[in-house]
Amino acid sequence: QVQLVESGGGSVQAGGSLRLSCAPSGYTYRRNCMAWFRQAPGKEREGVAAINTAGGNTYYADSVKGRFTISQDNANNTVYLQMNSLKPEDTAKYYCAAASIGWCFSFGSNYNYWGQGTQVTVSS
């Protein structure tokens, strides 16, 4: 079974930075797309950033453009989310997800492999 494990969450003050990591566990089967989602209490899950692992193209939600960067290390299949200039509204549980098929940047139902989530809390 394909498994994803997130790490790097924590509590920071507004304006600070965090770097989230998503490491695969198990067979890495056709992970064409990798993405980060987040969900705050009482809100729907939101796609934050995505990367096409084949071409390296990236996409960001408007709310995080210019502040977050998604990247991949092909040597160990780890995906990162560098988060700078964090704001209190970034507070959420962040999930790593993977898709074997489909368009990467629509954050659709093709994302069917998920991590357990890591909490990010930004205080003002």
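Quick caveat, the model's predicted, so the values are computed rather than measured.

Engineer: When you look at the state of the cysteines in this model, what are you seeing that I'm missing?
Structural biologist: Here is the idea: a disulfide is a covalent bond, and it sits between the sulfur atoms of two cysteines. Applying the stated criterion to the full structure yields two disulfides. Here Cys-22 is linked by a disulfide to Cys-96, with a sulfur-sulfur distance of 2.0 Å. Between Cys-22 and Cys-96 the disulfide shows an S-S torsion of about -80°. By sign, it is left-handed. Within this pair, whereas Cys-22 is found in strand β3 (residues 18-25), its partner Cys-96 is found in strand β9 (residues 92-99), the two being separated by 74 residues in sequence. The disulfide bridge from Cys-33 ends at Cys-104, spanning 2.0 Å between sulfur atoms. In this structure, the disulfide formed by Cys-33 and Cys-104 twists by about -75° around the S-S bond and is classed as left-handed. Note that Cys-33 is positioned in strand β4 (residues 33-39) and Cys-104 in the loop between β9 and β10 (113-114), a separation of 71 residues in sequence.

Engineer: Which parts of the structure should I look at to understand the pairing of strand β7 (residues 68-73)?
Structural biologist: A regular strand places its side chains so that they alternate between the two faces of the sheet. Where β7 and strand β8 (residues 78-83) come together, six bridges link them in antiparallel fashion. By the bridge assignment for β8, Ile-70 is matched with Leu-81.

Engineer: Looking at this model, I keep getting lost on the sheet that holds β8. Mind explaining?
Structural biologist: Backbone hydrogen bonds hold the strands of a sheet together, and the pairing may be parallel or antiparallel. Spatially, the four strands line up as an open sheet ordered β1-β3-β8-β7, and their pairing is antiparallel. The sheet is open, and its two edges are formed by β1 (3-7) and β7, each paired on a single side. Across the sheet, the mean angle separating the axes of adjacent strands is 20° when strand polarity is ignored. Judged from the five bridges that link them, β3 and β8 form a sheet pairing that is antiparallel. Note on β8: the bridge partner recorded for Leu-18 is Met-83.

Engineer: Can you walk me through unusual backbone geometry in this structure?
Structural biologist: Generally, phi is negative for residues other than glycine and the peptide bonds are trans, each holding for most cases. Its identity is not glycine, yet Ser-85 carries a phi of approximately 50°, on the positive side. Relative to the helices and strands, Ser-85 is located in the loop between β8 and β9. With relative accessibility at 41%, the residue Ser-85 sits in the partly exposed group. With a phi angle near 50°, Phe-107 is a residue other than glycine that sits in the positive phi range. Among the secondary structure elements, Phe-107 is positioned in the loop between β9 and β10. Overall, the relative accessible area of 19% leaves Phe-107 in the buried class.

Engineer: Sorry, what's going on with the environment of Ala-50 here?
Structural biologist: Inspection of the secondary structure puts Ala-50 in strand β5 (residues 46-52). Among the residues examined, Ala-50 registers a relative accessible area of 0% and is labelled buried. Other than its neighbours up to four places away in sequence, Ala-50 contacts Met-34, Ala-35, Asn-57, Thr-58, Tyr-59, Ile-70, Cys-104, Phe-105, Phe-107 and Tyr-111.

How each quantity is defined
Residues numbered from 1 in each chain as written. Predicted model: local features only at pLDDT ≥ 70, side-chain atom pairs only at ≥ 80, totals over all residues. Heavy atoms only, no water. Disulfide = S-S within 2.5 Å. Helix = DSSP H or I, 4+ residues; strand = E, 2+ residues; numbered from the N terminus. Pairing = 2+ DSSP bridges. Axes fitted to C-alpha atoms, helices over the stretch in contact; angles between N-to-C directions. Buried < 20%, exposed > 50% of the residue type's maximum accessible area, 1.4 Å probe, protein only. Contact = heavy atoms within 4.5 Å.

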